[in-house]
Amino acid sequence: MPRRTKEEAEATRESVLRAALDLFSEKGYSRTTLNDIAKRIGMSRGAVYWHFVNKEALLAALIEFAHNYKEQLVETQIPDIQTLADLRDAFVMYARVVAEDELIRKFEFFMHFQMEWSQELLTETHKKLTEIRQSPLEEFKTCFENPQIAPLLKEGTDLDQLVVTLAAFWMGTCNMFLGGCPFVELSSADEQATDGQWRLDLVQAIANGFDLIMNGVLKRENDE
């Protein structure tokens, strides 16, 4: 029985997170209350507070939930990153997940367009997330330190700057995709969004951008 109770609590917690994501993406973070979330899934506000002491804690948990969900989707296709080809495939797979998975696309839309950050909220959320897991950028950096990847980079390559550049490219391209990117002309009418807006091919754009950035830091044959 205790095991069942724990499983039910986890299921309820996930229901709260999914309801929060729905409302945050619809109304925005600041305009959504814990009471709104409770009503969405037919719970009392006290039941929501039992899982999350405040909305800031819920936000941190939602970010972690979406991160883990995304990681699971990618790892089913690319379980281990050992080579540069693995890293490229993973980078592109993340784009495919955003483009094709409804929950992740909704989460990214919320984070890009419906999240109203304040300095206080940034600080509090960062604090809670660092208690949960390592920084995503630090995780990404360890890939370039892999013994099969590191020797391919030009001597003196600044890994911190490389990671930041790839992350900035990723965020900017996702922003263009999620926003409909009306100023990007595609070659095929088949790639139009259902709302009639031209939409960037996120997977292809991410693949091309990764190659362009990496071409600037990879050794060439005559560099040996």
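In this report, we go over the structure that sits alongside the text.

Parameters and conventions
Residues numbered from 1 in each chain as written. Predicted model: local features only at pLDDT ≥ 70, side-chain atom pairs only at ≥ 80, totals over all residues. Heavy atoms only, no water. Helix = DSSP H or I, 4+ residues; strand = E, 2+ residues; numbered from the N terminus. Buried < 20%, exposed > 50% of the residue type's maximum accessible area, 1.4 Å probe, protein only. Contact = heavy atoms within 4.5 Å. Phe/Tyr/Trp six-rings, centres within 6.5 Å; stacked < 30°, edge-to-face > 60°. Lys NZ or Arg CZ within 6 Å of the ring centre and 35° of its normal. Axes fitted to C-alpha atoms, helices over the stretch in contact; angles between N-to-C directions. Parallel < 35°, antiparallel > 145°, perpendicular 65-115°, else oblique. Left-handed = near helix turned anticlockwise from the far one by under 90°. Nonpolar A, V, L, I, M, F, W, Y, C, P; charged D, E, K, R; others polar. 1 Å grid on protein atoms, 1.4 Å probe; cavity = no way out; pocket = protein on both sides within 12 Å on 5 of 7 lines; lining within 4 Å. Points joined across faces, edges and corners; volume = space filled by probe spheres on them. Core = buried A, V, L, I, M, F, W, Y, C linked by side-chain atoms within 4.5 Å. Polar contact = N/O pair within 3.5 Å; in protein donor to acceptor, adjacent residues only side chain to side chain.

**Quick word on the environment of Ala61**
(1) Moving on: Considering the arrangement of structural elements, one finds Ala61 in helix α4 (residues 55-77).
(2) Moving on: Judged by its relative accessible area of 8%, Ala61 falls in the buried class.
(3) Moving on: For the pair Ala61 and Lys128, spaced 67 residues apart in the sequence, the C-alpha separation amounts to 8.6 Å.
(4) Moving on: Each residue touching Ala61, except ones within four places of it in the same chain, is listed here: Arg13, Leu17 and Phe52.

**Comments concerning the packing of aromatic side chains**
The relation between two aromatic rings is expressed through the spacing of the ring centres and the mutual angle of the planes.
(1) Moving on: This model, assessed by the stated rule, comprises eight aromatic pairs.
(2) Moving on: Relative to Phe140, the ring of Phe91 has its centre 6.0 Å away and its plane inclined at 10°; by these criteria the two rings are stacked. Of the two residues, Phe91 is situated in helix α5 (residues 84-100) and Phe140 in helix α8 (residues 136-144); the sequence distance between them amounts to 49 residues.
(3) Moving on: Connected via pairs of aromatic rings, a cluster forms that spans Phe91, Phe140, Phe144, Trp170 and Phe210.
(4) Moving on: In this structure, Lys55 packs its charged tip against the face of Tyr29, placed 4.3 Å from the ring centre.

**A word on the packing of α8 against helix α9 (residues 159-178)**
The relative placement of two packed helices is expressed as an angle between their axes plus a distance between the axes.
(1) Moving on: The geometry of α8 relative to α9 is characterised by a closest axis approach of 10 Å and an angle of 120° between their N-to-C directions. Looking at the two axes, α8 sits oblique to α9. The interaxial crossing formed by α8 with α9 has right-handed handedness. Side by side, α8 and α9 meet where Leu137, Phe140, Lys141 and Phe144 of the first sit next to Leu159, Asp160, Leu162, Val163, Leu166 and Ala167 of the second.
(2) Moving on: Looking at side-chain class alone, the contact of α8 with α9 contains eight nonpolar, no polar and two charged residues.

**Some words on the packing of helix α6 (residues 102-113) against α9**
(1) Moving on: At a closest axis distance of 10 Å, the pairing of α6 and α9 adopts a crossing angle of 105°. On the basis of their axis angle, the class for α6 and α9 is roughly perpendicular. On the side of α6, the interface is formed by Arg105, Glu108, Phe109, His112 and Phe113, while α9 contributes Met171, Cys174, Asn175, Phe177 and Leu178.
(2) Moving on: For the contact of α6 with α9, the per-class residue count stands at six nonpolar, two polar and two charged.

**Observations concerning the layout of surface pockets**
(1) Moving on: One number sums up the size of the second largest pocket: a volume of about 200 Å³.
(2) Moving on: What lines the second largest pocket is a set of 13 residues, among which Arg13, Leu17, Ala61, Glu64 and Phe65 lie closest to the centre.
(3) Moving on: Among the elements that make up the lining of the second largest pocket, the one with the highest residue count is α4 (six residues).
(4) Moving on: Tallied by class, the residues present in the lining of the second largest pocket amount to seven nonpolar, two polar and four charged.

**Let's talk about the nonpolar core**
(1) Moving on: Residues Ile37, Leu58, Phe110, Phe144, Leu166 and Met214 are the most contacted members of the largest nonpolar core, which totals 61 residues.
(2) Moving on: Sequence-distant contacts of Met214, that is, excluding residues within four places in its chain, are made with Leu84, Phe144, Leu153, Leu162 and Leu166.

**Remarks on the side chain of Ser25**
(1) Moving on: Relative to the helices and strands, Ser25 resides in helix α1 (residues 2-27).
(2) Moving on: The buried category is assigned to Ser25, whose relative accessible area is 11%.
(3) Moving on: A polar side-chain atom of Ser25 sits 2.9 Å from the main-chain carbonyl oxygen of Asp22.
(4) Moving on: Residues in contact with Ser25, not counting those within four places in the same chain, are Lys106, Phe109, Phe110 and Gln114.

Read these as layout, nothing more, since geometry by itself doesn't imply function.
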